[in-house]
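Working through the structure, step by step
In case you want the letters, here they are:
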Amino acid sequence: MEIFLEFFKQHWLAIAFLAPMFWALVNIIDVYFVAGVYRDELDGTIITGLFQIIPWPVLFFVADFRLADAVNFHSGVDPTLWLSFLGGGLYTASFYFYFKALFSKNDVSLLQIFWNLTVVAVPVLSFLLLGEILPLVKYAGLVIALLGATMLSFNAKLRGNFSKRYFLIMLGAVLFLSLSMITEEKAYNLLNNTYGAEGFWLGFFFFGLGAVAAGLLCAAFFKRNPLRLIKKYYKIFLLSEGIYFLGNLFAQKALDIAPSASYVAAVETFVPVFVLIYSFLILFIFSAIIRKKSEVIRKIYTEQIGGIWAKALATVIMALGVYLIS
């Protein structure tokens with residue numbers, strides 16, 4: 001076990017790839033939620049935010065950190081933790097646009113392709129906000145990864161799903177997610193300098209706190225009561241958000257130890273690849289193993305593998321970009 005943990009400490013790329021693997025699983029479930037569970041993007045945003053509370057008991061009993069080190073009666077809360085809190089709120093905000101895009105067109109592979117614009121947005125915002133400058137070869141890798149994502153626009157079927165409105169919605173998602181990643185990377189760097197190894201867990205806890213607060217604020221402002229949905233679908237919500245927690249954990253840890261948030265953003269462009277793999281597996285299981293004809297399942301997941309060759313070509317190009325970055 002110690003060898004395993006030490007490997008992941010030294011290899012941020014391996015940790016970063018675990019995030020899109022888990023996120024793609026949740027994206028597959030979200031396709032079902034949008035098709036028949038959520039009324040609109042507000043339901044998805046509120047549930048996603050509120051269920052960030054799931055890891056709290058695990059963090060308190062398993063993780064090596066003491067909240068009292070950063071929060072006490074006399075000095076209040078360490079200001080850096082409010083930076084992590086803000087990152088969590090920005091993260092939940094990005095999911096409003098995520099679900100809005102899915103309700104516009106329920107093709108999560110297409111959505112993730114546009115979300116890959118974080119590959120450009122993160123380094124640009126890092127330069128503007130933090131003055132971060134990367135080596136030239138790394139910028140080349142970022143551009144190639146982005147080129148792979150944009151290759152999908154040449155496919156006629158995928159072009160038919162694209163619209164100016166859809167692009168603007170996804171631009172909102174990209175902006176808030178990129179700001180969240182930059183904010184968290186800065187927070188983790190500061191917290192590690194102050195608290196050492198427990199700095200990451202303190203930051204991750206306040207990241208979740210900010211995400212939950214944003215979900216509660218959204219529910220209160222729009223006068224939505226999520227209890228009905230939670231009561232009816234709590235089992236699948238727990239499964240979905242539990243998986244998403246693992247993806248978030250690895251993504252945040254990658255931000256903590258990677259040389260730059262820009263590199264992590266590039267690796268996360270592989271979510272559409274895993275969506276394709278999982279969609280094929282689901283269709284295979286239902287058709288070849290279970291031998292049960294489900295029109296809903298067929299319709300939902302056949303949509304995800306549309307434009308397969310364009311997506312495959314994009315994947316190869318994206319992999320080259322990530323290779324240059326790593």
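Above this text is the structure in question.
This section reports on the structure supplied with the text.

What counts and how
Residues numbered from 1 in each chain as written. Predicted model: local features only at pLDDT ≥ 70, side-chain atom pairs only at ≥ 80, totals over all residues. Heavy atoms only, no water. Helix = DSSP H or I, 4+ residues; strand = E, 2+ residues; numbered from the N terminus. Buried < 20%, exposed > 50% of the residue type's maximum accessible area, 1.4 Å probe, protein only. Areas by Shrake-Rupley, 256 points an atom, 1.4 Å probe, with all protein chains shown as cover. Expected span 1.5 Å × (residues − 1). Salt bridge = Lys/Arg side-chain N within 4 Å of Asp/Glu carboxyl O. Phe/Tyr/Trp six-rings, centres within 6.5 Å; stacked < 30°, edge-to-face > 60°. Lys NZ or Arg CZ within 6 Å of the ring centre and 35° of its normal. Axes fitted to C-alpha atoms, helices over the stretch in contact; angles between N-to-C directions. Parallel < 35°, antiparallel > 145°, perpendicular 65-115°, else oblique. Left-handed = near helix turned anticlockwise from the far one by under 90°. Contact = heavy atoms within 4.5 Å. Nonpolar A, V, L, I, M, F, W, Y, C, P; charged D, E, K, R; others polar. Core = buried A, V, L, I, M, F, W, Y, C linked by side-chain atoms within 4.5 Å. Patch = residues over 30% accessible without salt bridge, like charges linked within 9 Å, V, L, I, M, F, W, Y side chains within 5 Å.

It is worth spelling out the overall build of the protein at this point. Scanning the protein from terminus to terminus reveals 16 helices and two strands. Taking all 326 residues of the protein together, 54% fall into the buried category. A total accessible area of about 15400 Å² is found for the protein, and carbon and sulfur atoms account for 71% of it.

What follows concerns helix 11 (residues 199-221). Between the first and last C-alpha of helix 11 there are 33 Å, a value that for 23 residues agrees with the 33 Å anticipated at 1.5 Å per step. Count one or two residues on from helix 11 and you reach Lys-223, which has phi positive near 55°.

A full pass over the atoms with the stated rule returns five salt bridges. With a shortest N-O distance of 2.6 Å, Asp-40 and Arg-224 are connected by a salt bridge. A residue pair is termed long-range when its members are at least 10 positions apart, and Asp-40 in the loop between helix 2 (12-36) and helix 3 (41-50) and Arg-224 in the loop between helix 11 and helix 12 (227-257) qualify at 184 residues. For the pair Asp-40 and Arg-224, a shared accessibility class is recorded, and that class is buried. Lys-100 is the salt-bridge partner of Glu-41, the closest N and O atoms lying 3.3 Å from each other. Here the residue Glu-41 occupies a position in helix 3, and Lys-100 occupies one in helix 5 (residues 79-104), the gap between them amounting to 59 residues. Several salt bridges converge on common partners, so that one network encompasses Arg-39, Asp-40, Asp-43 and Arg-224.

Take the packing of aromatic side chains next. Evaluation of the coordinates by the stated rule reveals 27 aromatic pairs. Judged by centre distance (5.7 Å) and plane angle (65°), the ring pair of Phe-51 and Phe-237 falls under edge-to-face. Here the residue Phe-51 occupies a position in the loop between helix 3 and helix 4 (56-62), and Phe-237 occupies one in helix 12, the gap between them amounting to 186 residues. Neither Phe-51 nor Phe-237 differs from the other in exposure class; each is buried. Each ring, one from Tyr-98 and one from Phe-99, has its centre 4.9 Å from the other, and the planes form 85°; the classification is edge-to-face. Taken as a pair, Tyr-98 and Phe-99 share a single burial class, namely buried. The lysine or arginine in question, Lys-253, covers the ring of Phe-200, its NZ or CZ lying 4.7 Å from the ring centre.

The next subject is the packing of helix 7 (residues 118-130) against helix 10 (residues 164-195). Orientation of helix 7 relative to helix 10, taken along the N-to-C sense of each, is 55°, at an axis distance of 9 Å. In this view, helix 7 runs oblique relative to helix 10, as classed from their interaxial angle. Crossing hand, helix 7 versus helix 10: right-handed. Note on element contacts: helix 10 touches helix 7 through Val-174, Leu-175, Leu-177, Ser-178, Leu-179, Met-181, Ile-182 and Lys-186, opposite Thr-118, Ala-121, Val-122, Leu-125, Ser-126, Leu-129 and Leu-130.

Moving on, we get to the packing of helix 2 against helix 12. Running from N to C, helix 2 and helix 12 point in directions that differ by 150°, and their axes come no closer than 8 Å. With respect to each other, helix 2 and helix 12 are oriented roughly antiparallel. Between helix 2 and helix 12 lies a crossing of left-handed hand. When grouped by side-chain class, the residues that make up the contact of helix 2 with helix 12 number 22 nonpolar, four polar and two charged.

Relative to the helices and strands, Thr-183 is located in helix 10. Among all residues touching Thr-183, those that are not within four sequence positions of it are Leu-83, Leu-86, Gly-87 and Leu-90.

What follows covers unusual backbone geometry. Positive phi, close to 55°, is recorded for Lys-223, a residue that is not glycine. Examined against the element boundaries, Lys-223 turns out to sit in the loop between helix 11 and helix 12.

Next up on the list: the side chain of Asp-256. Mapped onto the elements of the fold, Asp-256 is located in helix 12. Classification of Asp-256 as buried rests on a relative accessible area of 10%. Setting aside chain neighbours within four positions, we find Asp-256 in contact with Tyr-188, Asn-189, Asn-192 and Phe-200.

Counting 70 residues, the largest nonpolar core has Tyr-38, Leu-111, Trp-115, Met-170 and Phe-237 as its most contacted members. With eleven residues, the top contributor of residues to this core is helix 2. In this structure, Leu-42, Leu-191, Leu-202 and Cys-218 belong to the second largest nonpolar core, which totals 13 residues.

To continue, consider a nonpolar patch on the surface. A contiguous nonpolar patch, built from Val-120, Val-124, Phe-127, Leu-128, Leu-129, Leu-130 and Ile-133 and spanning about 670 Å² of accessible area, is present on the exposed surface. Overall, the relative accessible area of 33% leaves Val-120 in the partly exposed class.

Below, the discussion takes up the environment of Leu-209. Along the polypeptide, Leu-209 turns up in helix 11. Judged by relative accessible area, which is 25%, Leu-209 ranks as partly exposed. For the pair Leu-209 and Phe-85, spaced 124 residues apart in sequence, the C-alpha separation works out to 6.3 Å. Dropping the residues within four chain positions of it, Leu-209 is found in contact with Trp-56 and Phe-85.

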